Amino acid sequence: MRDERRERDKYGRASLREQLGSEIAALRRNPPLIWLLVALVGGWAILTVTRPQALAVTQLRTGDCVYIHAPDADTDTPGGRAIGSELGALGALYEQGAERSACDASHSHEVALAWILGDGLTASYPGQAALTVRERERCEAAFTAHVGRPSEGSTFALVIAVPTPTAWAASVRAAACLVARADGAFLSGSARGSGH
């Protein structure tokens, strides 16, 4: 025989539907709480939508301006390398990627050229130093075209990004020629065509 009584009558408690209705009624009687909830949900939505876009090294494109979170960045010491060392920036780029930035806003690097190396996925790792030497001429030409002068004597530094041993083992063959300030400070505008 089936018991047709309401849940509240059978068990002495309200059903989920009744409980939810009660909570909504209580919420309606408290406008400041409604505004607080709206502000919290709205703030979360804004932070989610405006979070900088993270780019893997394979997603870099020529002309991108990026911020690389180098682990050895020194923003506390006057004259410290705010963008970190070249090795720190390259390691971070291949491990965690970079954030896209507007070129007229603060950023650490600009992509003068990005491409995929011709080495097959089964090729043995030639070493980071050998890859850097091999790609230097291509990057020097890209730097000159981007900045408007060769890297020698420039206020900007050429950073040749080639796969780390870990990235190579993960079949990453992306490379890039990056432009950064030689003094390790952030770029506040684009280096493109500056002639410096």
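Scroll up for the structure.
Residues numbered from 1 in each chain as written. Predicted model: local features only at pLDDT ≥ 70, side-chain atom pairs only at ≥ 80, totals over all residues. Heavy atoms only, no water.

(A) Up close: the sheet that holds strand E6 (residues 174–181). Across the sheet, which stays open at both edges, the six strands sit in the order E1-E3-E2-E4-E6-E5 with antiparallel pairing between neighbours. On the outer flanks of this sheet lie strand E1 (54–55) and strand E5 (156–161), each paired with one strand and no other. Judged from the six bridges that link them, E5 and E6 form a sheet pairing that is antiparallel. Directly across from Ala157, in E6, lies its bridge partner Ala180. Relative to the sheet, helix H4 (residues 86–96) contacts strand E3 (98–101), strand E4 (109–116), E5 and E6, its axis offset from that of E5 by approximately 45 degrees. (Pairing = 2+ DSSP bridges. Helix = DSSP H or I, 4+ residues; strand = E, 2+ residues; numbered from the N terminus. Contact = heavy atoms within 4.5 Å. Axes fitted to C-alpha atoms, helices over the stretch in contact; angles between N-to-C directions.)

(B) Looking closely at the environment of Gly84. Here Gly84 shows up in the loop between strand E2 (65–67) and H4. On the basis of relative accessible area, Gly84 is assigned to the buried category, the value being 2%. Through-space distance from the C-alpha of Gly84 to that of Ala129 is 19 Å; in sequence the pair is 45 residues apart. In this view, Gly84 contacts Ala70, Asp72 and Ala73; residues no more than four positions away in its chain are not counted. (Buried < 20%, exposed > 50% of the residue type's maximum accessible area, 1.4 Å probe, protein only.)

(C) Here's a closer look at the state of the cysteines. On inspection of all chains with the given rule, the structure shows two disulfides. Paired by a disulfide, Cys65 and Cys103 hold their sulfur atoms 1.9 Å apart. The S-S bond linking Cys65 to Cys103 shows a torsion near 105 degrees; that makes this disulfide right-handed. Here Cys65 is found in strand E2, whereas its partner Cys103 is found in the loop between E3 and E4, with 38 residues between them in sequence. Given the relative accessible area of 2%, Cys65 is considered buried. Relative accessible area serves as the criterion here: at 27%, Cys103 is assigned to the partly exposed category. A disulfide bridge connects Cys139 with Cys177, and the sulfur atoms are separated by 2.0 Å. Taking the sign of the S-S torsion, about -80 degrees here, the bridge from Cys139 to Cys177 comes out left-handed. Here Cys139 is found in helix H5 (residues 128–147), whereas its partner Cys177 is found in strand E6, with 38 residues between them in sequence. The two residues Cys139 and Cys177 agree in class, both being buried. (Disulfide = S-S within 2.5 Å.)

(D) The arrangement of the environment of Gln128 in detail. Checked against the element boundaries, Gln128 lands in helix H5. With a relative accessible area of 23%, Gln128 lands in the partly exposed category. Through-space distance from the C-alpha of Gln128 to that of Ala182 is 21 Å; in sequence the pair is 54 residues apart. Excluding residues within four positions of it along the chain, Gln128 makes contact with Leu90, Val162, Pro163, Thr164 and Pro165.

(E) Quick peek at the pattern of salt bridges. Evaluation of the coordinates by the stated rule reveals six salt bridges. Among the salt bridges present, the one from Asp119 reaches Arg134, with a minimum N-O distance of 2.6 Å. On the criterion of sequence distance, the pair formed by Asp119 in the loop between E4 and H5 and Arg134 in helix H5 is long-range, its members being 15 residues apart. On the basis of relative accessible area, Arg134 is assigned to the partly exposed category, the value being 40%. The salt bridge partner of Glu135 is Arg138, with a shortest N-O separation of 3.3 Å. Within this pair, Glu135 and its partner Arg138 are both found in helix H5, separated by three residues, close to a single helical turn. (Salt bridge = Lys/Arg side-chain N within 4 Å of Asp/Glu carboxyl O.)

(F) Unusual backbone geometry, seen in detail. Within the chain, Ser171 stands out as a residue other than glycine whose phi angle is a positive 70 degrees. By the secondary structure assignment, Ser171 is in the loop between helix H6 (165–169) and E6. Overall, the relative accessible area of 37% leaves Ser171 in the partly exposed class.

(G) The nonpolar core, seen in detail. Counting 22 residues, the largest nonpolar core has Val57, Leu60, Ile68, Leu93, Tyr94, Ala161 and Leu178 as its most contacted members. Counting only elements with at least two residues in this core, the list comes to H4, E5 and E6. The element best represented in this core is H4, accounting for five residues. What Ala161 contacts, discounting residues up to four positions off in sequence, is Leu90, Leu93, Tyr94, Ala174, Ala175, Ala176 and Leu178. By size, the runner-up hydrophobic cluster in this structure holds 18 residues, among which are Ala112, Leu131, Phe156 and Ala175. (Core = buried A, V, L, I, M, F, W, Y, C linked by side-chain atoms within 4.5 Å.)

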